[in-house]
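# Commentary on secondary and tertiary structure
The primary structure of each chain is shown beneath.
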Amino acid sequence: MTELAPSQRPAGADIRQNPARAAELDIGGMTCASCAMRVEKALAKVPGVTRASVNLATERARVESDVAIDPETLANAVRKAGYEATFPLKVDPAPVDTSHTAELAIGGMTCASCATRVEKALAKVPGVGSASVNLATETATVTLSDSTADTAALIAAVNKAGYEATRIAPPDAKPSADTGAQAAATPAERKRYEARRDLVAVLVCAVLTLPLVAPMVGEWLGVHAMLPPWVQFALASIVQFVFGARFYRAAYRAVRAGAGNMDLLVALGTSAAYGISVYELLGHPGDMMHLYFEASAVVITLVRFGKWLEARAKRQTTDAIRALNALRPDRARIRIGNDERDVPLAQVRVGTVVIVRPGERVPVDGAVLEGRTHIDESLITGESLPVPKQPADAVTAGSINGEGAIAVTTSAIGAETTLARIIRLVESAQAEKAPIQRLVDRVSEIFVPAILALAALTLVGWLIAGAGGETAILNAVAVLVIACPCALGLATPAAIMAGTGVAARHGVLIKDAEALETAHRVNIVAFDKTGTLTLGQPSVTAFEPIGDMGRDEALGLAAAVQRHSDHPLARAVVKAYEARQPAADAAPHSPAPNTSATRAVAGRGVEADVNGRTLALGSTRWLNELDIALPSEFSARARELEAAGNTVSWLMQRSPGKPAALALIAFGDTVKPTARAAIERLAQMGIKSVLITGDNHGSAASVAKALGIDEFHAEVLPDDKARVIRDLKIRCAGIVAMAGDGINDAPALAAADIGIAMATGTDVAMHAAGITLMRGDPALVADAIDISRKTWRKIQQNLFWAFVYNLIGIPLAAFGLLNPMLAGAAMAFSSVSVVTNALLLRTWRGAHRPSARAARRLPVEPDAELRAD
């Protein structure tokens, strides 16, 4: 008996799917990998926490627990460690009555205590049921339990507490007195404002620092012009204590928590250089003074500039999430009786009929009720061509309607839509920590204490060697400044964010960082057949008239007999007739002949009266019962087709006259047009493909031969698929991936090192898989492995550069070969180079898709002319 894999549990059994047992926090004040490590340790010490993961790039922590934990307990643990913690604003999956909630944009907050004070001020307003303030987004969400409370009272309470507040009005709201003189900025606008503010700070720093550096540059050119010492002191003091105040605040929090971080190194280093200069200025007035004000000012300017560049680059790694969030429409047009009404999306319920006009985004998940159109799903599935839609076809929220107006019956809204689940999956993958990051965490944990010890050793060593105190201190300062662990902390998450983001835009959803790290080592891919490599629906693979009747005439008679049947084989016959290439003198797509008295014959087939004669379409068994003789070549042909896995039926005439066979019809599952190219690309990547199917040997052999797969396993039961996967792992001693789409594939997906599920399949398969492909294209399997390999390569490159900066820079600084200014420049640009290198992944485009003409040339079935596209 096959062991039940953990991934076969219901989705709700996974703690990550249980919101009561998982929490996310926005963390403020982190500057390097050691900060992230300390936050993790602080959260892990909270009773009940089973796992805590902190992502420095996203500045977010994810906590999993085996019991319900008060969120404020987690936030307090983070604050006690010296950092800020707030909970990100979540969208309630249930519809919200907006008339009883209000959102405010809050200005002037700088830390978690500010957010707490604003919450308390709002909670005291009469009629307020609850108030929640998000420091990261600078917004407050207030639930009004009493209709007497108004927004003006809320704004007044915030202003009285010492902060600024403006109302965030609904999209359709008209300006009113309580919205303030100016509309509240959106989160994106606030982020842009913060970026401009930081850039202004950097520019002002540069303007104040330039007069300090210019004389030193002039000395190299033979120009002797120094600023008066007190002018240097004034300029450097402004830079040190105004624009460098953030380093002192962060260093204080770190020391209070009994730890060190990058800010502590910068604060100590610049303070030492500034302190020497002040000592020289006050202790040797009128003498030849050695001032180093320019060193401290340049370091602070360069570090702030590097942080601005880093933040700017980090924002680009979240482009995928922002692009997905931008797909969410704010409003929907619903049908009420014979009228249409434009309402906020929150008021739409499951079952509501939504009208989508040409060019609009579909606001909900649902099924087309009325109308025909083409839908652009490229930003959700990665499919470049619009997809035709007709009644009963599914549509996805966020996709763009084409040329026709449609009515959609809502099946999912809010957090339950496919788009919302995609966003959560990508966010989860970007927040996860790759196994390789554990090595980096162990290094960063001891990094800052080791650098402090090394700086002290440098100071003592130079003093013992007979150097002056100034030289010893400056060399120790250089060691402190260049030893920035930021690049180490950003190396892995920046690459993962960029890689998973670009993969999502191309229809590849990677569940977590561990799946991404495993996928890059895959050397065997096991494929399910039906629905993965084939379309999963029967089509006419061969149609051969018997006697003198023409192909079009015989096919028309077969379609006429099957016209009123809903059987899959009947639909395949009708589809083959409609897709035929008619003769030159025939009308294109002319209707099949009229029929009457259509009747099913149990276990045998269907018969009907067509133009005065009785025709039947059924099995070989029925053919034999009617005692119809066949030419020998057709008997042999039928055996050949059945051996290849096809189902053979016959078009027969029962009256008038003697019963006779009119045509042979073979049905088979059609191989997907891109399947062969996908297998060939995997082979070029050094990956072996294996076919595993429950179908008969002939069908499996036919598909394997058409696709160029050397090894296949036929007639495999669902539980045995997992056994075959385990055997492959042992026999081939490699990393095995399983690609499938059905419930019966879930055990194999869980047994493989990495499961790859088609989103066109079942939810069970997707829960068991580490990677989900948003469209049923086998070529995406190679794409998923390719982006995993490229992301892994970026992680390695980033870690290499992060270590190289320190391995080369620290010894140079310790031996006096690197002054503090150059050390500051190297430190500032180390993290920038790491994030920029990761952003190169955004240029990834995936594999070239074969053209429709090339796809039609694939040797899929004996009669390719009749194959359905």
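Residues numbered from 1 in each chain as written. Predicted model: local features only at pLDDT ≥ 70, side-chain atom pairs only at ≥ 80, totals over all residues. Heavy atoms only, no water.

Under the annotation held in an unreviewed UniProt entry, the chain carries the name Copper-exporting P-type ATPase and is attributed to Paraburkholderia metrosideri. As stated in UniProt under Sequence similarities (unreviewed entry), the record for the chain gives "Belongs to the cation transport ATPase (P-type) (TC 3.A.3) family. Type IB subfamily." (UniProt positions renumbered as here; feature names shortened; annotations may be inferred.)

### A few points about the overall build of the chain
A tally of regular secondary structure across the chain gives 28 helices and 30 strands. A burial count over the chain gives 51% of its 869 residues as buried. Contacts in the chain between residues far apart in sequence, at least 24 positions, make up 68% of those at least 6 positions apart. Of the accessible surface of the chain, which amounts to about 38,700 Å², a share of 58% is contributed by carbon and sulfur atoms. (Helix = DSSP H or I, 4+ residues; strand = E, 2+ residues; numbered from the N terminus. Buried < 20%, exposed > 50% of the residue type's maximum accessible area, 1.4 Å probe, protein only. Contact = heavy atoms within 4.5 Å. Areas by Shrake-Rupley, 256 points an atom, 1.4 Å probe, with all protein chains shown as cover.)

### Examining the packing of aromatic side chains
Tallied over the full model, the rule gives seven aromatic pairs. Measuring from ring centre to ring centre gives 6.1 Å for Phe-241 and Tyr-248, while their planes differ by 20 degrees; the resulting arrangement is stacked. Here Phe-241 falls in the partly exposed class, since its relative accessible area comes to 45%. Since its relative accessible area comes to 28%, Tyr-248 is described here as partly exposed. (Phe/Tyr/Trp six-rings, centres within 6.5 Å; stacked < 30°, edge-to-face > 60°.)

### Quick look at helix H26 (residues 779-814)
Here H26 contains 36 residues, and its C-alpha end-to-end distance of 53 Å stays within 8% of the 52 Å for a straight helix at 1.5 Å per residue. One or two steps after H26, the chain reaches Gly-816, where phi turns positive at roughly 80 degrees. (Expected span 1.5 Å × (residues − 1).)

### Considerations on the sheet that holds strand S27 (residues 711-713)
Taken in spatial order, the seven strands make up an open sheet running S18-S30-S29-S28-S19-S26-S27, and their pairing is mixed. Only two strands of the sheet have a single partner each, and these edge strands are strand S18 (508-510) and S27. Ignoring which end each strand starts from, the neighbouring axes of this sheet average 20 degrees apart. Note: strand S29 (residues 754-758) against strand S30 (residues 771-773), three bridges, orientation parallel. Directly across from Met-758, in S30, lies its bridge partner Leu-773. The strands touched by helix H22 (residues 697-707) within the sheet are strand S26 (688-692) and S27, with S27 carrying the most contacts at an inclination of about 155 degrees. (Pairing = 2+ DSSP bridges. Axes fitted to C-alpha atoms, helices over the stretch in contact; angles between N-to-C directions.)

### Considering the sheet that holds strand S13 (residues 373-376)
Strands sit in the order S14-S13-S16 across an open sheet of three strands; the sheet is antiparallel. Of all the strands in the sheet, the pair left with one neighbour each is strand S14 (387-389) and strand S16 (400-401). Pairing analysis gives three bridges linking S13 to S14, with the strands arranged antiparallel. In the strand pairing of S14, Ile-375 is matched with Val-387.

### Regarding the pairing of strand S22 (residues 605-610)
Here strand S21 (residues 595-601) runs beside S22; their pairing, made up of five bridges, is antiparallel. The residue of S22 that forms the bridge with Thr-595 is Val-610. Two elements, S22 and strand S23 (residues 613-619), share six bridges in a ladder whose sense is antiparallel. Opposite Val-610, over in S23, you have Arg-613 as the bridge partner. Between the antiparallel neighbours S22 and S23 lie two residues, among them Asn-611 with a positive phi of about 50 degrees.

### Side note on the pattern of salt bridges
What the rule picks out here adds up to 26 salt bridges. Close ionic contact of Arg-676 with Glu-680 constitutes a salt bridge, the shortest N to O distance being 3.3 Å. Here Arg-676 pairs with Glu-680, and both are found in helix H21 (residues 675-684), just four residues apart, close to one helical turn. Owing to a relative accessible area of 39%, Glu-680 belongs among the partly exposed residues under this scheme. One salt bridge connects Arg-723 with Asp-727, and the closest N-O pair in it is separated by 3.3 Å. Taken together, the positions of Arg-723 and Asp-727, both in helix H23 (residues 718-732) and four residues apart, correspond to about one turn of that helix. Here the salt bridges do not stand alone but share partners, grouping Glu-24, Asp-26, Arg-51, Arg-60, Arg-62 and Glu-64 into one network. (Salt bridge = Lys/Arg side-chain N within 4 Å of Asp/Glu carboxyl O.)

### Thoughts on the packing of H21 against H26
Between two packed helices, both the angle of their axes relative to each other and the distance between the axes serve to describe the pair. Relative to each other, H21 and H26 sit at 30 degrees, their axes nearing to 7 Å. Comparing the axis directions of H21 and H26 gives the class roughly parallel. Here Ala-678, Arg-681 and Leu-682 of H21 come into contact with H26, specifically with Ala-779, Ala-782, Asp-783, Ile-785 and Asp-786. Here the residues of the contact of H21 with H26 are counted per class, giving five nonpolar, no polar and three charged. (Parallel < 35°, antiparallel > 145°, perpendicular 65-115°, else oblique. Nonpolar A, V, L, I, M, F, W, Y, C, P; charged D, E, K, R; others polar.)

### As for unusual backbone geometry
At Asp-627, a residue that is not glycine, the phi angle is positive and equals roughly 55 degrees. Relative to the helices and strands, Asp-627 resides in the loop between helix H19 (620-625) and helix H20 (632-643). Since its relative accessible area comes to 67%, Asp-627 is described here as exposed. Located in the positive-phi region is Ala-733, a residue other than glycine, with phi close to 50 degrees. Tracing the sequence through the fold places Ala-733 in the loop between H23 and strand S28 (735-740).

### Details of a nonpolar patch on the surface
Residues Leu-807, Ile-808, Leu-812, Phe-815 and Leu-817 make up a contiguous nonpolar surface patch of roughly 560 Å² in combined accessible area. As for its placement among the helices and strands, Leu-812 is situated in helix H26. (Patch = residues over 30% accessible without salt bridge, like charges linked within 9 Å, V, L, I, M, F, W, Y side chains within 5 Å.)

### So, the UniProt feature "transmembrane region" (unreviewed entry) in the chain
The UniProt feature table records "transmembrane region" (unreviewed entry) at residues 199-218, 230-248, 260-282, 288-306, 446-467, 473-496, 799-818 and 824-844. In residues 446-467, helix accounts for 86% and strand for 0%; the two terminal C-alpha atoms are 29 Å from one another. Within the segment residues 799-818, helix and strand shares are 80% and 0% respectively, and the terminal C-alpha atoms sit 23 Å apart.

### Some thoughts on the confidence of the model for the chain
Looking at the chain, pLDDT values average 76 and 76% of them are 70 or higher. Within the chain, strand S11 (residues 353-356) carries the highest mean pLDDT (93), whereas helix H28 (residues 852-856) carries the lowest (35). Here residues 584-588 is a poorly scored stretch, pLDDT under 50, and it has three contacts once near neighbours within four places are set aside; other chains count. (pLDDT = per-residue confidence, 0-100.)

### Notes on the environment of Lys-529
Structurally, Lys-529 can be placed in the loop between strand S19 (522-528) and strand S20 (534-545). The class of Lys-529 is buried, set by a relative accessible area of 1%. For the pair Lys-529 and Val-671, spaced 142 residues apart in sequence, the C-alpha separation works out to 8.9 Å. Once residues within four sequence positions are removed from consideration, Lys-529 is found in contact with Thr-534, Asp-669, Leu-691, Ile-692, Thr-693, Asp-695, Ser-699 and Val-703.

### Digging into the packing of helix H17 (residues 551-562) against helix H18 (residues 568-578)
Close contact between H17 and H18 brings their axes to 9 Å; oriented N to C, the two are set at 140 degrees. In this view, H17 runs oblique relative to H18, as classed from their interaxial angle. As H17 packs across H18, the resulting crossing turns out to be left-handed. On H18, the residues that touch Asp-552, Leu-555, Gly-556, Ala-558, Ala-559 and Gln-562 of H17 are Ala-570, Val-573, Val-574, Ala-576 and Tyr-577. Counted by class, the contact of H17 with H18 contains eight nonpolar, two polar and one charged residues. (Left-handed = near helix turned anticlockwise from the far one by under 90°.)

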